[in-house]
Amino acid sequence: METKNEKMKMMTLDQLKDRNLGKTGTPERDKYEFDLRMELLGEMIKSVRKERNLTQEQLGELIGVQKSQISKLERSTKNVTIETILKVFQALKAKVKFSVEMNESEFKVA
């Protein structure tokens, strides 16, 4: 008789994502990876803001937006322009580097 542990198959995170979201390069997987990066960017903004001992209101004043905009930005960066993101990091005195991959070649803007 097989035990419960013997029935379970071990998988890596990539294997699990391949099975449930599709292989890398499929629209579903690309959307998942993009959404994850955007969520991490919002978390990074919040973390740096707190390290600098700034409230959302203070950061908003530095870049000319309301506190509610900073709150939305920290929760989700999906509907934000690159210009706004750059303004936020500039106000936080944080260095930003972008990397864009195109047809297996890399183009960097610092």
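Placed above this text is the structure.
Residues numbered from 1 in each chain as written. Predicted model: local features only at pLDDT ≥ 70, side-chain atom pairs only at ≥ 80, totals over all residues. Heavy atoms only, no water.

(A) A look at the pattern of salt bridges. Scanning the entire structure with this criterion turns up 10 salt bridges. Between Asp 18 and Lys 23 there is a salt bridge; the shortest N-O distance is 3.8 Å. Among the ionic pairs, Glu 51 bridges to Arg 52, the shortest N-O distance being 3.9 Å. Through salt bridges with shared partners, one network takes in Asp 14, Lys 17, Asp 18, Lys 23, Arg 29 and Glu 33. (Salt bridge = Lys/Arg side-chain N within 4 Å of Asp/Glu carboxyl O.)

(B) Looking closely at the nonpolar core. Core analysis: the biggest nonpolar cluster contains 12 residues, these being Leu 41, Ile 45, Val 48, Leu 59, Ile 63, Ile 70, Leu 73, Ile 85, Val 88, Phe 89, Ala 91 and Leu 92. Looking at this core, the elements with two or more residues in it are helix H3 (27–51), helix H4 (56–63), helix H5 (67–75) and helix H6 (82–91). For this core, the leading source of residues is H6, giving 4 residues. (Core = buried A, V, L, I, M, F, W, Y, C linked by side-chain atoms within 4.5 Å. Buried < 20%, exposed > 50% of the residue type's maximum accessible area, 1.4 Å probe, protein only. Helix = DSSP H or I, 4+ residues; strand = E, 2+ residues; numbered from the N terminus.)

(C) Region of interest: a nonpolar patch on the surface. A surface patch of nonpolar side chains, amounting to about 260 Å² of accessible area, comprises Met 11, Leu 13 and Leu 16. Mapped onto the elements of the fold, Leu 13 is located in helix H2 (residues 13–21). (Patch = residues over 30% accessible without salt bridge, like charges linked within 9 Å, V, L, I, M, F, W, Y side chains within 5 Å. Areas by Shrake-Rupley, 256 points an atom, 1.4 Å probe, with all protein chains shown as cover.)

(D) Representation of H6 in the model. Of all the residues in H6, the buried ones are Ile 85, Val 88, Phe 89 and Ala 91. Taken end-on, H6 shows its buried residues confined to a sector of 160°, consistent with a single buried face. Facing away from the buried side of H6 by over 90 degrees, the exposed positions are Ile 82, Glu 83 and Gln 90. On its buried side, H6 packs onto H3, H4 and H5. Looking one or two residues beyond H6, the residue adopting positive phi is Lys 93, at roughly 55°. (Arc of directions from axis to C-beta. Contact = heavy atoms within 4.5 Å.)

(E) Region of the structure containing H3. Given a rise of 1.5 Å per residue, 25 residues ought to cover 36 Å, and the 36 Å separating the end C-alpha atoms of H3 matches this to within 8%. Restricting attention to buried positions, one finds in H3 the residues Arg 29, Asp 35, Met 38, Leu 41, Gly 42, Ile 45, Val 48 and Arg 49. Lining the buried residues of H3 we find H2, H4, H5 and H6. Directly beyond the C-terminal end of H3, a positive phi value near 55° is found at Asn 53. (Expected span 1.5 Å × (residues − 1).)

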